Each structure stands twice: as structure tokens, then as C-alpha cells.
Amino acid sequence: MYNPIDTIYILFDNDSISKLHAGDETVFKKIFKQCYLPVRSFTWRFVKDNDIAEDIVQDAFLQVWEKRTSFNVLAEIKSFLYVSVRNACLDHLKHERVKQKNAIDIAIFMSHEMEQEAILEEDVDSLIHNAIKTLPPQAQKIVIMTMDGNSNMEIAEKLNITVNTVKSTKLKAYRILRKRLRNLQWLLALLLT
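Just so it is clear, the model here is predicted, and its values are computed rather than measured. Throughout this description, residue numbers start from 1 for each chain and increase along the sequence as written. The model is predicted, so local features are restricted to residues of pLDDT at least 70 and side-chain atom pairs to those at 80 or more, both for listing and for counting; the totals for chains, interfaces and linings are taken over all residues. Only hydrogens and water are set aside when side-chain values are computed; all heavy atoms of the structure are taken into account.

Asker: Could you give an account of the overall build of the chain, with specific residues and numbers?
Answerer: When helices and strands are tallied, the chain shows nine helices and zero strands. In this scheme, a residue with accessible area under 20% of its type's maximum is buried, one over 50% is exposed, and one in between is partly exposed, where area comes from a 1.4 Å probe on protein chains only. Each of the 193 residues in the chain was classed as buried or not, and the buried ones make up 27%. Here, residues are in contact when the closest pair of their heavy atoms is within 4.5 Å. The contacts in the chain between residues at least 6 apart in sequence include a share of 58% that link residues at least 24 apart. What sets the accessible areas is the Shrake-Rupley method with a 1.4 Å probe; for residues, cover comes only from the shown protein chains. Accessible surface, the chain: about 13,400 Å² in total, of which carbon and sulfur atoms supply 57%. Numbered from the N terminus, helices here are DSSP runs of H or I no shorter than four residues, and strands are runs of E no shorter than two.

Here it is, written out as C-alpha cells:
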């Protein structure tokens, strides 16, 4: 019965090993031609990606070339190739699992962080608006218009009052708001640290 593994023994002898040790590239090319397809097929079964399988196999053959003087028989080379690609595939798969787990963890963390941020923003916004509602009606309007980006001049024109009235009303309103929202600063400091 024909065994493809025996072919490597038929094609190479002790002289071939000596030539490989000496850096004979033709012997290395024979080994490459003989082993490349089966080793690559074996690798693909693990990683299911042609480019990754190609990289892993190329690295394994490069290692064979670099360690060529440590092989005493060609069967060791074939064994080395399979063990190398298997280990590289397992490393790759572990790395992929870690990447996927990290991606999921990051997504969960980010969604949780964004959710917490949104809740915090809503709470702060609610506290500020509730504090504004306690101001006299004119002060409420001026503060809200300021928050909407209106200048003192625009507010004065829209409310048909003087710019000085806007400034003084705003100043009084901010003092009241600072007093009522002073605990908010402590809350924000605690939540954001």
C-alpha cells in the first residue's frame, strides 16, 4: 500500500540532509514542494482563512530553513512543520478568542458607560431645570434664553427690557442657582471620580 509519507524518505537520503545543513536551496525546495500542500491544508482546517494559513505555513518553512542544521532525518522536518503550524494555529485561535471577548467586553462596558453618562446628564439637566423653575418668571426666561445661546442684547430686544436689566437679573439668578445647585458640584465630583 502506498503511503505519501514514505515518499519523503525515497526522495531524500543522508546526502540530502548534508546538503540541507550546508544551505543547499534545491534540497529545501524539494522539501517545500513535497510538504507545502499537505501542511497548508492541515493549517487551513484550523484557521479557515487562506491568508492566515499561508502566513503560518510560510513562517513554519522559514523556521525549518533557519533550524536546518538541527534536523538529522527528514522525518523530523515533516514532524516539526506539523507541530509548528498546529501551535501557531492554536495561538492564532486563542488570540482571536481574546480579541472577540475583549470586543464584547468593550462593547458592554461602553454601552454601560454611555448609559450611565446619559442617566447622569438627564439627572443633572433635571436638577438644573428644577432649580431654574424656582426663579421669578422674568429670571427664568432670561436664564433659559441665555442657555439657548441668546446674547444680552437679543434677550433685551425680545423681552423689551434694557440690557442692564438683563445683566442684573442674570447676575441675581446665577447667585440663587449657585446656592441651590452647590450640592450638584459635590455629586458630579463623586460620580466622575
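Asker: Break down the pattern of salt bridges for me, citing the residues and quoting the values.
Answerer: We define a salt bridge as a side-chain nitrogen of Lys or Arg found within 4 Å of a carboxyl oxygen belonging to Asp or Glu. Applying the stated criterion across every chain, the model contains three salt bridges. For Lys 19, the salt bridge goes to Asp 15, with nearest N and O atoms at 3.6 Å. Placement of both Lys 19 and Asp 15 in helix α2 (residues 14-21) is noted, with a separation of four residues, approximately one turn of the helix. Relative accessible area serves as the criterion here: at 37%, Lys 19 is assigned to the partly exposed category. Looking at Asp 15, the relative accessible area reads 43%, which means it is partly exposed. Here Glu 54 and Arg 40 are joined by a salt bridge, their closest N and O atoms 3.0 Å apart. In this pair, Glu 54 sits in helix α4 (residues 50-66) while Arg 40 sits in helix α3 (residues 25-47), placing the two residues 14 residues apart along the sequence. We classify Glu 54 as partly exposed; its relative accessible area is 26%.

Asker: An account of α4 is requested, with residue identities and associated values reported.
Answerer: For a helix, the expected span equals 1.5 Å multiplied by the residue count minus one. Taking 1.5 Å of rise per residue, 17 residues should cover 24 Å, and α4 covers 24 Å from first to last C-alpha, within 8% of that figure. Looking at α4, one finds that the buried residues are Ala 53, Ile 56, Val 57, Ala 60, Phe 61 and Val 64. All buried residues of α4 lie within an arc of 130 degrees about the axis, which places them on one face of the element. Away from its buried face by more than 90 degrees, α4 exposes Asp 51 and Glu 66. Between a side-chain oxygen at the N-terminus of α4 and the backbone nitrogen of Asp 51 the separation is 3.0 Å; the capping residue is Asp 49. Here the arc refers to the set of directions running from the helix axis out to each C-beta atom. For this analysis, a polar contact is any N or O atom pair within 3.5 Å, provided that within protein one partner can donate a hydrogen and the other can accept it, and provided that sequence-adjacent residues contribute only side-chain to side-chain pairs.

Asker: Just give me the short version of the packing of aromatic side chains, but keep the residues and values in it.
Answerer: Between the rings of Phe, Tyr and Trp (Trp by its six-membered ring), a pair exists once the centres lie within 6.5 Å; its type follows the angle of the planes, with under 30 degrees stacked, over 60 edge-to-face, and the other angles tilted. A complete count under the given rule lists eight aromatic pairs for this structure. Here Phe 28 and Phe 61 contribute two aromatic rings whose centre-to-centre distance is 6.3 Å and whose plane-to-plane angle is 85 degrees, an arrangement assigned as edge-to-face. One end of the pair, Phe 28, is in helix α3; the other, Phe 61, is in helix α4, with 33 residues separating them in the sequence. Just as Phe 28 is buried, Phe 61 falls in that class too. Ring centres of Tyr 36 and Phe 61 lie 6.5 Å apart, and the angle between their planes is 40 degrees; this geometry places the pair in the tilted category.

Asker: Describe the nonpolar core, with residues and values.
Answerer: Joining through side-chain atoms within 4.5 Å is the link that ties buried Ala, Val, Leu, Ile, Met, Phe, Trp, Tyr and Cys residues into a set, and such a set is a nonpolar core. In this structure, Ile 31, Phe 61, Val 64, Ile 77 and Leu 81 are the most contacted members of the largest nonpolar core, which totals 22 residues. Listed by contribution, the elements that provide at least two residues to this core are α2, α3, α4 and α5 (74-133). Here this core gets seven residues from one element, more than from any other, and that element is α3. In this structure Phe 61 touches Phe 28, Ile 31, Phe 32, Cys 35, Tyr 36 and Leu 81, once residues within four positions along its chain are discounted. Counting eight residues, the second-largest nonpolar core is a separate cluster that includes Ala 131, Ala 139, Val 143 and Ala 173.

Asker: Break down the packing of helix α7 (residues 152-159) against helix α8 (residues 163-180) for me, with residues and values.
Answerer: Direction vectors running N to C along α7 and α8 enclose 110 degrees, while the axes themselves pass 8 Å from each other. Comparing the axis directions of α7 and α8 gives the class roughly perpendicular. Counting all contacts with α7, which are made through Asn 152, Met 153, Ile 155 and Ala 156, the residues of α8 involved are Val 163, Val 166, Lys 167 and Lys 170. The angle between two axes is taken between their N-to-C directions and runs from 0 to 180 degrees, where each axis is a line fitted to C-alpha atoms and a helix contributes only its stretch in contact. Roughly parallel means an angle under 35 degrees; roughly antiparallel, over 145; roughly perpendicular, 65 to 115; everything else is oblique.

Asker: Describe the confidence of the model for the chain, and please don't skip the residues or the numbers.
Answerer: pLDDT is a per-residue confidence score from the predictor, ranging from 0 to 100. Of the residues in the chain, 80% reach a pLDDT of 70 or more, and the chain-wide mean stands at 82. Considering only residues more than four positions removed or in separate chains, one finds that residues 1-10, a stretch of pLDDT under 50, has 10 contacts.

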